[in-house]
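# Structure assessment
Single-letter residue listing:
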There are 2 protein chains.
Amino acid sequence: MTVRETIRRETPNLTASERKIANAVLADYPYGALQTIQELAERSGVSAPSITRFVSKIGFAGYQEFQRQLIGELREGSRSPLDLKATERLSRSDFVADYARRSAAIVSSMASAVSQEQFDRIVALLSDQSRAVFLLGGRISDTIARLLSQHLRQIRPRIHHLPANQEDWPDHVMSMRRQDVVVLFDFRRYQPDIAKLAERVAVNRRATVILVTDKWMSPIARHSDHVVALPIENDTAWDTALCAVAFIEALIVKVSEADWPSTKARIETWETVRLSPPTMKNGDGTDA
Amino acid sequence: MTVRETIRRETPNLTASERKIANAVLADYPYGALQTIQELAERSGVSAPSITRFVSKIGFAGYQEFQRQLIGELREGSRSPLDLKATERLSRSDFVADYARRSAAIVSSMASAVSQEQFDRIVALLSDQSRAVFLLGGRISDTIARLLSQHLRQIRPRIHHLPANQEDWPDHVMSMRRQDVVVLFDFRRYQPDIAKLAERVAVNRRATVILVTDKWMSPIARHSDHVVALPIENDTAWDTALCAVAFIEALIVKVSEADWPSTKARIETWETVRLSPPTMKNGDGTDA
DNA sequence: TCCACGTTGAAAAAAAATAGTCAAACGAGG
DNA sequence: CCTCGTTTGACTATTTTTTTTCAACGTGGA
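Scoring rules and cut-offs
Residues numbered from 1 in each chain as written. Chains lettered and ligands numbered in written order. Predicted model: local features only at pLDDT ≥ 70, side-chain atom pairs only at ≥ 80, totals over all residues. Heavy atoms only, no water. Near = heavy atom within 4 Å. Polar contact = N/O pair within 3.5 Å; in protein donor to acceptor, adjacent residues only side chain to side chain. Helix = DSSP H or I, 4+ residues; strand = E, 2+ residues; numbered from the N terminus. Salt bridge = Lys/Arg side-chain N within 4 Å of Asp/Glu carboxyl O. Buried < 20%, exposed > 50% of the residue type's maximum accessible area, 1.4 Å probe, protein only. Pairing = 2+ DSSP bridges. Right-handed = clockwise from strand over helix to strand, strands pointing away.

## Comments concerning the protein's contact with DNA strand D
- Near DNA strand D lie 18 residues; those nearest to it are A:Ile37, A:Gln38, B:Thr15, B:Ser17 and B:Arg178.
- Restricting the count to atoms of DNA strand D within 4 Å of the protein gives a sugar and phosphate share of 75%.
- Between A:Thr52 and DNA strand D, the recorded distance is 3.5 Å, taken from a side-chain N or O atom to a phosphate oxygen.
- In this structure, B:Ser50 approaches DNA strand D through a side-chain N or O atom, which is 2.9 Å from a phosphate oxygen.

Okay, structure coming up:
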């Protein structure tokens, strides 16, 4: 019986504070608990005596014995992944584990949905600072688009996240030049307004359109230069945005590496500016 | 420079007793040294003061720092089995596939960071429509928080996503009642403003605070009733939000299932309303 | 609303670990 | 064989850590 299992088993009997401790211990297991009581108390947000009560409640004679057991596990663990197997078997029945496993499968299937060549082309477009980048997503997917915007802003200038309100679009559209890049996110329940925007951008402004969508392909695809069709199915009532997130995070990594010194410098400047004035933020995260 | 190397390098300068200690430490490295001074002294066949002299001689401030260093090494070392392999193969030619694989691994590790019990408790809180729900995230994580808000809004009423601007918070905070739920997202580069909000909410309004953070634990943990500590490390310069997304999607599935007929009815109504008038959207996705 | 119970953290006590002191033991060189 | 310098461990002081005590607090039930 590992400490982890013991804690899991005792969870139902724990009080609120004790549960916080349990979380802190399990969150960074087992190293999180290889500290003094004080430090663990600090990290868990409870008092030191609560830690003592916690360890005795889950069946140890004292904090030291508890730590000794953890070190013992560590030592055993380095020999055989026994604990891992046990944990896995234990968690077969729960939803979280199951969901995690399924999600992982979907994420790994992303690789077959995006070819390396396509990825590289998109990275090249986004890394080219002579091109402005405009982003927009649908009702739900706009939050994903915004994740990309936020990160890109840290890496390079001229990132424009279009506001949700259609009426504000024309201004932005008019400022697009032919060499610019428009990244659209549109998953099923495709939105006509975005399709319209895409068409206008493609036809009138001739900007490069990158579309991130699902395998059923938003109608925007016909106006897009690059279409990334990601898996979104989950076997639940809800589609998953995981692949989209994984995809944009992969993009971020590569775009930032394209000119890392510049990225680093920019982030540092950014931090300085952010920290000095008492936070004066732009309300909705879009640029004006 | 590992402790082992340090010891090896210093060996020539050691006295007989000190060499005994060195042998004892290296013989069962690093576990042999993860004991009290007394035990190590016993095992080495020397006295406790010799141990003290030994550790200071090889350049540590004291026995504790020495042990801490060892634990640190252990922790670094343990990252290798899964991640190091991935890092090695982070090849240019197949970046997407590698990234997908690593991302999948991280997502599947989510299961060990979130226990089923904890998950169930959070689902119960969010499913309880008598509780209003307030959400907020940090600079980047707010987009994740927003994803949750968006979905929750489709499922149930009284979802309030706090605006990014701090000055608008007091209004919302004042409307919080004791039975309400506040969901905060805060990943490293923890933001003081959010911590302040959390404290005020916990102390003044006594609402239930759910914190989604990373294993280093945002200082908000101290004021939170439920702390979800997710893996975010990626071996890239950027932290990943994948687990956070997977987590909230899992939440969504279960919260929506808690009262599926009601959820379904609500979504249908929602669709009708959304499609009929020529889209009049709320600018930033927060409620007024 | 009030009461009884369980939970919590501050403070103090207890225990332990660690560092310091000093004299004895040891060994090298005379 | 003696002397000096080094090393060593018993003893002690100090610091740190852990545990216990106890009062206050919040919670849930009457």
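More follows now that the structure is in view.
## Focus: the protein's contact with DNA strand C
- Surveying the vicinity of DNA strand C reveals 16 residues, the closest of which are A:Thr15, A:Ser17, A:Arg53, B:Ile37 and B:Gln38.
- Expressed as a percentage, the sugar and phosphate content of the atoms of DNA strand C within 4 Å of the protein is 66%.
- Between DNA strand C and A:Ser47 there is a distance of 3.2 Å, counted from a phosphate oxygen to a side-chain nitrogen or oxygen.
- Here A:Ser50 contributes a side-chain N or O atom positioned 2.9 Å from a phosphate oxygen of DNA strand C.
- Taken together, the elements giving at least two residues each to the surface near DNA strand C come down to α2 (16-27) and α4 (48-57) of chain A together with α3 (37-44) and α4 (48-57) of chain B.
- Of all the elements, α4(A) adds the most residues to the surface near DNA strand C, at 3 residues.

## As for the pattern of salt bridges
Residue and element names in this part refer to chain B.
- For the structure on display, the rule yields 27 salt bridges over all chains.
- A salt bridge links Glu233 to Lys215; the nearest nitrogen and oxygen atoms lie 4.0 Å apart. Here the residue Glu233 occupies a position in the loop between β5 (226-230) and α12 (242-258), and Lys215 occupies one in the loop between β4 (208-214) and β5, the gap between them amounting to 18 residues.
- A relative accessible area of 24% means that Glu233 is categorised as partly exposed.

## Details of the pairing of β4(B)
Residues and elements named next belong to chain B.
- Extensive coverage of β4 is indicated by the burial of 7 of its 7 residues.
- Where burial is concerned, the two faces of β4 agree: the one with Thr208, Ile210, Val212 and Asp214 and the one with Val209, Leu211 and Thr213 are both buried.
- Across 5 bridges, the pairing between strand β3 (residues 181-185) and β4 is parallel. Across the sheet, the residue bridging to Val183 is Ile210, located in β4.
- Crossover β3 to β4 through helix α11 (residues 192-205) is right-handed.

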